[in-house]
Amino acid sequence: MGKVFLYGYYGFGNVGDDLLLAAILRRLRSAAPDSGFVVRSLHPVADLQSENVEFSCQERILLQPNLPKWRRLLDYLAVNWRSLAGCRAMVFGGGTLFHARGGALTNLVLIFLAVVQARLRGARVFVLGAGVAEMPGISARLLMAAILALSDDFAVRDASSWRHCRQVIGGNRVRRTADLVFSLQLPTVPTTSAGKTVGVTLAASDIGAATDAYPQFFAALAADLAELRDNGWSIRLLSFQELDGPQAGVSDTKLLQAVGIAGERVELLRVSSDPDALCRQFAELDIVVGMRFHGLVMAALLGLPFVGIGRDSKLSDFCLDAGMPFLSLSEARTGVIAETIEGAAGRMVDGANLASWQALSAENFGPIEEYLK
């Protein structure tokens, strides 16, 4: 049956991205059980390793400071070319893969070259539930237009990604679906919560590793979590990303520790990339609050209320669609966070909305599954 090359931010220590990978592997294994998978990654994902999944680890090449940029690029493309040998398809799966942050074109150039290599290898190109940022400038839009033209199918996860695609040539071919994690078939796990347990996420990859970047927010968070703890709540600090490295170090754990909330009924927990294990961890919660998008998605899938906090439009848009509260960093003042958590506790996501997201998520896979069969 050949292999499928999976392109995403996999193996970067981010549970959200690895959940996307788990969702893709589960669906495509069902559609094409004899296929193998090559995963573009920084590190292998221990929770998802199996005999028919090969992690390329090629992203390490781009982080080697002792090599000139041109050599890193050539070595990277050489590994990419070898990884594509025998692949029937290249699949871009979830996450905000298509961006030109700060006006830099490096990311789009790498994706464009990878797509060209896939086409030269005879592989078809599919984009599933991806995020697309706004394209700043004509060069970024032309690169995005070329990627669209070379793709057999291009599905995006949300309205803003769809709008950003529509601004470039060929954007009318884009389909709007939903996040891939909504396609996961999760086990039914009995709740083990004591009744008042809040799971808290922060995103060091978004706001940095130091609390002095947003002193008002962190002071308010520490004060309100302490108030909840003193009022009988249990606090679970949930780390979604841990990545060691001089070039790309990210630690939610260190950021959560820097908040300074401790004592009885306070626990720091590294969450699992395995969806079934993650369900068991979330079964201990009554509400999820914070900045990690897939923490909110998992809450919705498991019937838990949630509160979004941050500065990312995908968080605010999702909370609005779900009928759950969202606080920007400037709104998250002392007293407001605790009040919002207590007010949201016990709410339910509308069942019709959840069913719609799950159906839209499943639509990501139609063209690629038909091709693989």
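Residues numbered from 1 in each chain as written. Predicted model: local features only at pLDDT ≥ 70, side-chain atom pairs only at ≥ 80, totals over all residues. Heavy atoms only, no water.

### Some remarks on the overall build of the protein
Secondary structure summary: the protein contains 15 helices and 15 strands in total. For the protein, whose C-alpha radius of gyration is 21 Å, the value lies close to the compact-globule estimate of 21 Å for 373 residues. Dimensions of the protein, computed from C-alpha atoms along their principal axes, come out at roughly 60 × 45 × 40 Å. Residues classed as buried in the protein amount to 54% of the 373 residues present. A fraction of 69% describes how many contacts in the protein between residues 6 or more apart in sequence connect residues 24 or more apart. Split by element, the accessible area of the protein, about 15100 Å² in all, is 52% carbon and sulfur. Here the protein holds 35 positive side-chain charges and 37 negative ones, and the gap between their average locations is 8 Å. (Helix = DSSP H or I, 4+ residues; strand = E, 2+ residues; numbered from the N terminus. Rg over C-alpha atoms; globule rule 2.2 N^0.38 Å. Buried < 20%, exposed > 50% of the residue type's maximum accessible area, 1.4 Å probe, protein only. Contact = heavy atoms within 4.5 Å. Areas by Shrake-Rupley, 256 points an atom, 1.4 Å probe, with all protein chains shown as cover. Lys, Arg positive; Asp, Glu negative; His and termini not counted. Charge placed at Lys NZ, Arg CZ, Asp CG, Glu CD.)

### Quick notes on the pairing of strand 4 (residues 87–93)
For strand 4, the tally of buried residues reaches six of seven residues, placing the bulk of the element in the interior. The pairing of strand 1 (residues 3–10) with strand 4 spans five bridges and is parallel. Within strand 4, the position partnered with F5 by the bridge is M90. In this sheet, strand 5 (residues 124–130) lies alongside strand 4 in parallel orientation, the contact comprising five bridges. From the neighbouring strand, F92 faces strand 5, where its bridge partner is V127. Handedness of the crossover is the feature at issue here: the chain leaves strand 4, passes through helix 4 (residues 106–120), returns alongside strand 5, and the resulting connection is right-handed. (Pairing = 2+ DSSP bridges. Right-handed = clockwise from strand over helix to strand, strands pointing away.)

### Let's talk about the pattern of salt bridges
Under the defined criterion, the tally for this structure stands at 14 salt bridges. Between D158 and R157 there is a salt bridge; the shortest N-O distance is 3.0 Å. The pair D158 / R157 is uniform in exposure class, with both members buried. Linked by salt bridges that have partners in common, R119, R124 and D152 make up one network. (Salt bridge = Lys/Arg side-chain N within 4 Å of Asp/Glu carboxyl O.)

### Focus on the environment of Y7
Structurally, Y7 can be placed in strand 1. Classification of Y7 as buried rests on a relative accessible area of 1%. Counting along the chain gives 14 residues from Y7 to L21, while the straight-line C-alpha distance between them is 9.3 Å. Excluding anything up to four places from it in sequence, Y7 contacts R40, Y76, V91, F92, G93, L97, L110, I111 and A114. In this structure the side chain of Y7 is engaged in a polar contact, spanning 3.4 Å, whose partner is the side chain of R40. (Polar contact = N/O pair within 3.5 Å; in protein donor to acceptor, adjacent residues only side chain to side chain.)

### As for the sheet that holds strand 5
Strand order in the open sheet formed by seven strands is 3-2-1-4-5-6-7, with parallel pairing between adjacent strands. Two strands close off the open sheet at either side, each with one partner strand: strand 3 (53–55) and strand 7 (175–176). Here three bridges tie strand 2 (residues 36–41) to strand 3, and the two strands are oriented parallel to one another. Following the sheet pairing, F37 is matched in strand 3 by V53.

### Focus on the sheet that holds strand 14 (residues 306–310)
On the basis of which strands lie adjacent, the open sheet formed by six strands has the order 12-9-8-13-14-15 and parallel pairing. Since the sheet does not close on itself, it has two edges, and those belong to strand 12 (266–270) and strand 15 (326–328), each with one partner. Each strand of the sheet is rotated relative to its neighbour by a mean of 20°, with strand direction disregarded. The sheet contact formed by strand 8 (residues 197–201) and strand 13 (residues 287–290) spans four bridges and is parallel. In the strand pairing of strand 13, V200 is matched with V289. (Axes fitted to C-alpha atoms, helices over the stretch in contact; angles between N-to-C directions.)

### Describing the side chain of S234
By the secondary structure assignment, S234 is in strand 9 (residues 234–239). For S234, the residues in contact, after removing those within four places along its chain, are K196, T197, V198 and R265.

### Description of the packing of aromatic side chains
Inspection of the entire model under this criterion finds 11 aromatic pairs. Ring centres of F217 and F218 lie 5.0 Å apart, and the angle between their planes is 65°; on these two criteria the pair is classed as edge-to-face. The buried category is assigned to F218, whose relative accessible area is 5%. Three or more aromatic residues link up through ring pairs in this structure, and these residues are F182, F293, F306, F318 and W357. Geometry around Y7 places R40 over its ring, the cationic atom sitting 4.1 Å from the centre. The ring centre of Y371 lies 4.8 Å from the NZ or CZ of R88, which sits over that ring. (Phe/Tyr/Trp six-rings, centres within 6.5 Å; stacked < 30°, edge-to-face > 60°. Lys NZ or Arg CZ within 6 Å of the ring centre and 35° of its normal.)

### Digging into helix 11 (residues 293–301)
In terms of burial, helix 11 is a largely internal element, nine of the nine residues being buried. If you check which residues of helix 11 are buried, you get F293, H294, G295, L296, V297, M298, A299, A300 and L301. Lining the buried residues of helix 11 we find helix 1 (15–31), helix 10 (275–282), strand 13, strand 14, helix 12 (313–322) and helix 14 (351–363). Just downstream of helix 11 lies G303, where phi reads positive at about 80°.

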